[in-house]
Amino acid sequence: MNYYIVDTFTTSMFSGNPTGVCILTEPLAQDVMQKIAEENRYSETAFVRKLNNLYLLQFFTPEKEVPFCLHATLGAAYVIHHFLEDDMKMLSFETKGGTVEVQCKGNTYQIQTAAFDHCPFSPSEKILQALGIQPKESYLSRDLVFLLDSQEDLLQLKPNFEKMKQLSDGLGVVVSAKGNDCDFVSRCFFPKLGVNEDMATGSSHCILAPLWASKLGKNKLIANQLSPRGGSLVCNVIGDRVIIQGQAVLYLRGEIQLP
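Reading the values: the criteria
- Residues numbered from 1 in each chain as written.
- Predicted model: local features only at pLDDT ≥ 70, side-chain atom pairs only at ≥ 80, totals over all residues.
- Heavy atoms only, no water.
- Disulfide = S-S within 2.5 Å.
- Phe/Tyr/Trp six-rings, centres within 6.5 Å; stacked < 30°, edge-to-face > 60°.
- Helix = DSSP H or I, 4+ residues; strand = E, 2+ residues; numbered from the N terminus.
- Buried < 20%, exposed > 50% of the residue type's maximum accessible area, 1.4 Å probe, protein only.
- Core = buried A, V, L, I, M, F, W, Y, C linked by side-chain atoms within 4.5 Å.
- Contact = heavy atoms within 4.5 Å.
- Pairing = 2+ DSSP bridges.

Caption draft 1: Examining the state of the cysteines more closely. Enumeration according to the criterion identifies 0 disulfides in this entry. For Cys22, which is in no disulfide, the shortest distance to another cysteine sulfur is to Cys69 and amounts to 13 Å. Cys235 takes part in no disulfide bond, and the closest cysteine sulfur to it belongs to Cys206, at a distance of 8.3 Å.

Here it is as structure tokens:
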């Protein structure tokens, strides 16, 4: 099976979010896909199979399948655009989280998707202990979302991942602040999925982009993820939709020997 590793939401190798992309020519058993993802140990491995005029796309963390992952969608789009159908300008992916469309412009990819709803909430003491800091604002969405006073507070944040695993609310924990050199910055934690800190998280910006667009009074925002590898995204909020733009770099091209 053809296999690629792509660094996503970056313009340079060894940064951004590394993603395994597997190109299927026929269906593959769920348990085999999960074992491949466990072997890869990346936050997500994408499995892509063409069906008529669209691509079926599935995502697996080292521990479970997830319905929606934008950095792995970006990685899949990069591989298709560079190695399978280099004349394609628009790609349509059918995922378990719905249809996702990606526009290809050179090495820039624009992913259009729905914004995530969010509402204010008061975090419990258990949540605050897991987070390790008193947030300025707290929101409940797909993830628990917290805003801090400064970028410096975000960089110094040291969450308790074992306590995060025990939280009943939220798939992950997303923490953000106004950026010093961009519109906003963030860090994202998903210990429930076997990923303590994600390197560059597209889906979290489906929450953060509309939140910061409202606060800053602008629809186009530049965002940086302050993970150890870093990540850069451009977000454009249009009504209840978000266009998330990023670039990618190929690290590896090879084959997986299937059992």
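Caption draft 2: Representation of the packing of aromatic side chains within the structure. Tallied over the entire structure, the rule returns 9 aromatic pairs. With a centroid separation of 6.1 Å and 50° between ring planes, the pair formed by Phe121 and Phe146 is classed as tilted. Of this pair, Phe121 sits in the loop between strand E9 (119-120) and helix H3 (125-131) while Phe146 sits in strand E11 (residues 144-147); the two residues are 25 residues apart in sequence, bridging distant segments of the chain. Between Phe184 and Trp212 the ring centres are 6.0 Å apart and the planes differ by 5°, which places this aromatic pair in the stacked class. Remark: Trp212 occurs in helix H6 (residues 205-216) and Phe184 occurs in strand E13 (residues 184-190); sequence separation between them is 28 residues. Relative accessible area serves as the criterion here: at 6%, Trp212 is assigned to the buried category.

Caption draft 3: Fine view of the nonpolar core. Core analysis: the biggest nonpolar cluster contains 55 residues, and Val48 and Phe93 have the highest contact counts within it. Counting residues per element, this core draws most heavily on helix H2 (residues 70-84), at 8 residues. Setting aside residues up to four positions removed in sequence, Val48 forms contacts with Val21, Cys22, Ile23, Leu24, Tyr55, Leu56, Leu57, Ala76 and Ile80. Counting residues in each nonpolar core, the second largest holds 17 residues, with Ala130, Leu154, Met164 and Cys182 among its members.

Caption draft 4: Spotlight on the pairing of strand E1 (residues 2-8). The buried count for E1 comes to 6 of 7 residues, which makes it a mostly enclosed element. Across 7 bridges, the pairing between E1 and strand E17 (residues 241-255) is antiparallel. Paired with Asn2 across the two strands is Glu255, which belongs to E17. Across 7 bridges, E1 lies against strand E2 (residues 17-24) in antiparallel orientation. If you follow Asp7 over to E2, its bridge partner there is Pro18.

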